[in-house]
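Breakdown of the fold
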Amino acid sequence: MKRVIWIFFGILMLAAMFGMLYLAGGIYNAGNDFAVQPYVFQPNNLSADRIGVPLSIDQMGDGAIMDALVQRFVTEYFYVTPDVENIARRTRRGSILSYLAAPNVFREWVDTVAPEIEQMVGSRMLRTVRVAKQIFKPAGSDYWTVAYELKTWDAPNNMALVPVVTRGVLYLKIAFEKQLREQMHGTRFDVRQYLQDGGDPAAIFRFRVDAVAQNHN
């Protein structure tokens, strides 16, 4: 009788062990059954800020393209990041600013604005640029009015540092056509090859800043 009881007890123990193994296996594999439901939002019409198929040139209005290019020009004109190689690249021919500006405008920036940026980089300063959404050309004027705001942090690694805010206005004389470039500074420009080589898409449009005037406070 005792033998039968021990056999029955052994069977129960085996069943309990198999049950625990099954439970442990289920817990181990639970990660494989875990699913994440994604939600995708469309933040912007510009291809740089949206998820999905980029809009073609024909789908975007002339104003939207030019405003984006003006904002990019002003940002490149002023921003500062504490990286010596960054400003070195920006002052070379072939930089995005050299593509967006007429040669005389780019040379003037290199001679006047870039040295100030180099000094700021040497001091490890940071400057961000915000361009007003409303870009307009007054009646009878050849210049577009572009308001901007600069925030400058004078020193790194100080979380309590309050940035210095500077506001100003650029007056830009702009040549723009809603077409892709065929030439760049008098030489043939291959848009497809330029993009395949990793070039900045802002340079592919017929956009050029021919003159810059400004005031700031």
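Scroll up to find the structure.
Let me sum up the structure you'll find in this document.

Each value, and the rule that gives it
- Residues numbered from 1 in each chain as written.
- Predicted model: local features only at pLDDT ≥ 70, side-chain atom pairs only at ≥ 80, totals over all residues.
- Heavy atoms only, no water.
- Helix = DSSP H or I, 4+ residues; strand = E, 2+ residues; numbered from the N terminus.
- Buried < 20%, exposed > 50% of the residue type's maximum accessible area, 1.4 Å probe, protein only.
- Contact = heavy atoms within 4.5 Å.
- Areas by Shrake-Rupley, 256 points an atom, 1.4 Å probe, with all protein chains shown as cover.
- Core = buried A, V, L, I, M, F, W, Y, C linked by side-chain atoms within 4.5 Å.
- Phe/Tyr/Trp six-rings, centres within 6.5 Å; stacked < 30°, edge-to-face > 60°.
- Lys NZ or Arg CZ within 6 Å of the ring centre and 35° of its normal.

1. What to know about the overall build of the protein
Tallying secondary structure elements over the protein gives six helices and six strands in all. Going from the N terminus to the C terminus, the protein shows its helices and strands as α-α-α-α-α-β-β-β-β-β-α-β. The buried share of the protein, reckoned over its 217 residues, is 29%. Of all intrachain contacts in the protein linking residues separated by at least 6 positions in sequence, the fraction that spans at least 24 positions is 64%. Accessible surface, the protein: about 14800 Å² in total, of which carbon and sulfur atoms supply 57%.

2. Overview of the environment of Val 162
Positionally, Val 162 belongs in the loop between β2 (144-153) and β3 (164-180). Given a relative accessible area of 64%, Val 162 falls into the exposed group. For the pair formed by Val 162 and Thr 152, sequence separation is ten residues and the distance between their alpha carbons is 8.7 Å.

3. Considering the nonpolar core
Counting residues in hydrophobic clusters, the biggest one holds 47 residues, and the most contacted among them are Val 70, Phe 73, Val 74, Trp 109 and Leu 172. Looking at this core, the elements that each hand over two or more residues are α2 (62-78), α4 (96-100), α5 (103-122), β1 (126-131), β2, β3, α6 (191-196) and β6 (205-216). Apart from residues lying up to four places away in sequence, Val 74 is in contact with Val 129, Val 131, Val 146, Tyr 148, Leu 170 and Leu 172.

4. Quick look at the packing of aromatic side chains
Counted under the stated rule, the structure contains eight aromatic pairs. Here the aromatic cluster, defined as three or more aromatic residues joined through ring pairs, consists of Phe 73, Tyr 77, Phe 78 and Tyr 148. Over the ring of Tyr 79 we find Arg 90; its NZ or CZ atom is 3.8 Å from the centre of that ring.

5. Side note on the environment of Val 80
Within the secondary structure, Val 80 sits in the loop between α2 and α3 (84-90). Judged by relative accessible area, Val 80 falls into the buried class, the value being 1%. A C-alpha to C-alpha distance of 6.3 Å links Val 80 and Ile 117, two positions 37 residues apart in sequence. Once residues lying within four places of it in the same chain are set aside, the contact partners of Val 80 are Arg 90, Ile 117, Met 120, Val 121, Met 125, Leu 126 and Arg 127.

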